[in-house]
Number of protein chains: 2
Amino acid sequence: MKKSSEEILKSSALSLTAGRKTILDIFLSSPNALAHQDIETICKEKYDRVTIYRTLQTFLEKGIIHTIPSSDNITRYALCNDDCIVTGHHHDNHVHFTCDTCGKTICLDETEVPSVHLPKGFRAHQINMIVSGVCKSCA
Amino acid sequence: MKKSSEEILKSSALSLTAGRKTILDIFLSSPNALAHQDIETICKEKYDRVTIYRTLQTFLEKGIIHTIPSSDNITRYALCNDDCIVTGHHHDNHVHFTCDTCGKTICLDETEVPSVHLPKGFRAHQINMIVSGVCKSCA
DNA sequence: AACATTTTGCAACAAAGTTGCATTCTTTCT
DNA sequence: AGAAAGAATGCAACTTTGTTGCAAAATGTT
Ligand SMILES: [Mn+2]
Ligand SMILES: [Mn+2]
Ligand SMILES: [Zn+2]
Ligand SMILES: [Zn+2]
């Protein structure tokens, strides 16, 4: 069963404010990752740009959302799984997909990042894999 | 044998200007990937910010450099291999590494990106893998 | 309800990136 | 070598993105 925004905020020890709830609900109902700009477009009438920046930052720190690396200089965010930050740092271990056709970026929650053998001397701490191509909807 | 900046510019059908040569030489002599800001710091006295932006854009289009995805909103660039753009689009198929200690990002040219099995309906066109951890020099 | 603590909005600012245009530099052609 | 055409550069102005300080408002706790 999916947690509600109130439940998530409460379990992260965050005070329940209208802005946080709104932004979190946007994530909960979005099938794809969102950039700051996307959120601003949806609720710039109701909340200040600065509040959105700060809310995203807070969610990141609490392990509610994670960032997705990209080549285009746009940070995109998506919800973490429940147990994401239990150990103190993020461990979203799934592949991300960016569709060249519709432009959307999504978490492939079921697709684990494959391991890789690094040259001698390198120690991996986190591995990100971003696949681009054509998504299911655009196929 | 490594190509000189003049040779690279010539084989990309770009006119040989002092700015392009300087910036390309910076890449040729750098062991790690460079952000716009890094280049600006090195040669802001000699070349305008705008020129640096345009030069990087040109190099990208010609397949001389490629971008490296990141989570921090900073586009980093590194030299492509010789045969990178022969087919019309980039195919840098190597892993990238970002060191949490020294902050440098490098191409692991010898380390191929492992393949991954995507959910039904998704078609991969390009795969990026970015590993973070501790690099050889910082181990 | 009153208090202490957080969060928010606003304003001002800083940094990053883009665009148009006049000038300068490259390359080509004679 | 010199002229002409085309391309690259610098500058100014602007837009977009992100940050900071502070006063006002909202929240949670007693
Ligand atoms: Mn994800
Ligand atoms: Mn590379
Ligand atoms: Zn798509
Ligand atoms: Zn290092």
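In the block above lies the structure referred to throughout.
So, here's what we can say about the structure. Owing to the predicted nature of the structure, the values given are computational and were not obtained by experimental measurement. (Residues numbered from 1 in each chain as written. Chains lettered and ligands numbered in written order. Predicted model: local features only at pLDDT ≥ 70, side-chain atom pairs only at ≥ 80, totals over all residues. Heavy atoms only, no water.)

**Things to note about the environment of Ser 12 of chain B**
Residue and element names in this part refer to chain B. Structurally, Ser 12 can be placed in the loop between helix H1 (5–11) and helix H2 (18–28). Residue classification places Ser 12 among the buried residues on the basis of a relative accessible area of 11%. Separated by 83 residues in the primary sequence, Ser 12 and Val 95 have C-alpha atoms spaced 25 Å apart. If we ignore the near neighbours within four places in the chain, the residues touching Ser 12 are Lys 62 and Ile 64. (Helix = DSSP H or I, 4+ residues; strand = E, 2+ residues; numbered from the N terminus. Buried < 20%, exposed > 50% of the residue type's maximum accessible area, 1.4 Å probe, protein only. Contact = heavy atoms within 4.5 Å.)

**A few points about the protein's contact with DNA strand D**
Inspection of the region around DNA strand D gives 19 residues, with Tyr 53 of chain A together with Arg 20, Thr 51, Arg 54 and Asn 73 of chain B positioned closest. The share of sugar and phosphate among atoms of DNA strand D within 4 Å of the protein is 63%. Contacts to DNA strand D include Arg 49 of chain A, whose side-chain N or O atom sits 2.9 Å from a base nitrogen. The separation between a phosphate oxygen of DNA strand D and a polar side-chain atom of Thr 17 of chain B is 2.9 Å. Put simply, the parts of the chain that give the surface near DNA strand D at least two residues each are helix H4 (49–61) of chain A together with helix H4 (49–62) of chain B. Across the surface near DNA strand D, the residue classes break down as five nonpolar, eight polar and six charged. (Near = heavy atom within 4 Å. Polar contact = N/O pair within 3.5 Å; in protein donor to acceptor, adjacent residues only side chain to side chain. Nonpolar A, V, L, I, M, F, W, Y, C, P; charged D, E, K, R; others polar.)

**What to know about the sheet that holds strand S1 (residues 34–35) of chain A**
Strand pairing within a sheet occurs via backbone hydrogen bonds; the two strands may be parallel or antiparallel. Residues and elements named next belong to chain A. Spatial strand order, S1-S3-S2: three strands in an open sheet with antiparallel pairing. What marks the edges here is a single partner per strand, and that holds for S1 and strand S2 (65–68). As paired elements, S1 and strand S3 (residues 76–79) share two bridges and run antiparallel to each other. Note that in S3 the partner of Leu 34 across the bridge is Tyr 77. Along the sheet, helix H2 (residues 18–28) contacts S1, S2 and S3; its crossing angle with S3, the most-contacted strand, is approximately 85 degrees. (Pairing = 2+ DSSP bridges. Axes fitted to C-alpha atoms, helices over the stretch in contact; angles between N-to-C directions.)

**Observations regarding the pairing of strand S4 (residues 94–99) of chain A**
All names here are of chain A. Judged by how many residues are buried, S4 sits mostly within the fold: five of six residues are covered. In this sheet, strand S5 (residues 105–112) lies alongside S4 in antiparallel orientation, the contact comprising five bridges. Paired with His 96 across the two strands is Cys 107, which belongs to S5. The loop that links S4 with its antiparallel partner S5 comprises five residues; one of these, Gly 103, has a positive phi angle of about 80 degrees.

**Things to note about the interface of chain A and chain B**
Across the boundary between the two partners, chain A contributes 40 residues, which contact 39 residues of chain B. Buried area between chain A and chain B, both sides added, is near 2800 Å², and the carbon and sulfur share of it is 60%. The interface formed by chain A and chain B contains zero salt bridges. The interface formed by chain A and chain B holds eleven residue pairs in polar contact (both at pLDDT 80 or more) in total. Taken together, the elements giving at least two residues each to the side of chain A that touches chain B come down to S2, S4, S5 and strand S6 (123–134) of chain A. Per-element tally for the side of chain A that touches chain B: the top contributor is S6 of chain A, with twelve residues. (Buried area = accessible area lost by both parts, 1.4 Å probe. Salt bridge = Lys/Arg side-chain N within 4 Å of Asp/Glu carboxyl O.)

**Comments concerning helix H3 (residues 36–43) of chain A**
All names here are of chain A. Every buried residue of H3 is listed here: His 36, Ile 39, Glu 40 and Cys 43. Viewed along the axis of H3, the buried residues span an arc of 100 degrees, placing them on a single side of the element. Lining the buried residues of H3 we find H2, S1, H4 and S3. (Arc of directions from axis to C-beta.)

**Considering the nonpolar core**
If you look at the biggest cluster of nonpolar residues, it comprises 25 residues, and the most contacted ones within it are Phe 97, Met 129 and Val 131 of chain A together with Phe 97, Met 129 and Val 131 of chain B. Contact partners of Met 129 of chain A, with chain neighbours within four places excluded, come to Val 95, His 96, Val 113 and Pro 114 of chain A together with Val 113, Pro 114, Val 116, Ile 127, Asn 128 and Met 129 of chain B. (Core = buried A, V, L, I, M, F, W, Y, C linked by side-chain atoms within 4.5 Å.)

**Things to note about the protein's contact with DNA strand C**
In the neighbourhood of DNA strand C, 17 residues make up the surrounding shell, with Thr 17, Arg 20, Thr 51, Arg 54 and Asn 73 of chain A lying closest. Atoms of DNA strand C within 4 Å of the protein: sugar and phosphate make up 60%, bases the balance. Residue assignment for the surface near DNA strand C shows that the elements contributing at least two residues are H4 of chain A together with H4 of chain B. Considering every element that reaches the surface near DNA strand C, the biggest residue donor is H4 of chain B, with four residues.

**Structural notes on the relation of the copies chain A and chain B**
In summary, the two copies of the chain are related to each other by a rotation about an axis coupled with a shift along it. The transformation that overlays chain A on chain B combines an axial shift of 0.0 Å with a rotation of 179 degrees, and the residual RMSD is 0.1 Å. Taken together, the turn and the small shift mark the pair as related by a two-fold rotation axis. Same-surface contact between copies: 98% of interface residues of chain A are shared with the interface of chain B. (Least-squares fit on C-alpha atoms with pLDDT ≥ 70 in both.)

**Some thoughts on the coordination of the zinc ion (ligand 4)**
Residues and elements named next belong to chain B. Surrounding the zinc ion (ligand 4) are the protein donor atoms Cys 99 (SG), Cys 102 (SG), Cys 135 (SG) and Cys 138 (SG), at 2.2 to 2.4 Å. In this structure, the zinc ion (ligand 4) is coordinated by four donor atoms arranged in tetrahedral fashion, with angles at the metal of 104 to 118 degrees. Spacing between the donor residues of the zinc ion (ligand 4) along their common chain follows C-x2-C-x32-C-x2-C. Here Cys 138 lies in the segment after strand S6 (123–134) and Cys 99 lies in strand S4 (residues 94–99), a separation of 39 residues in the sequence. Looking at Cys 99, the relative accessible area reads 2%, which means it is buried. Taking the relative accessible area as the measure of exposure, Cys 138 reaches 26% and is therefore partly exposed. (Donors = N, O, S within 2.8 Å, 3.2 Å for Na, K, Ca; no water. Tetrahedral: all angles 85-135°; square planar, octahedral: opposite > 155°, others 65-115°.)

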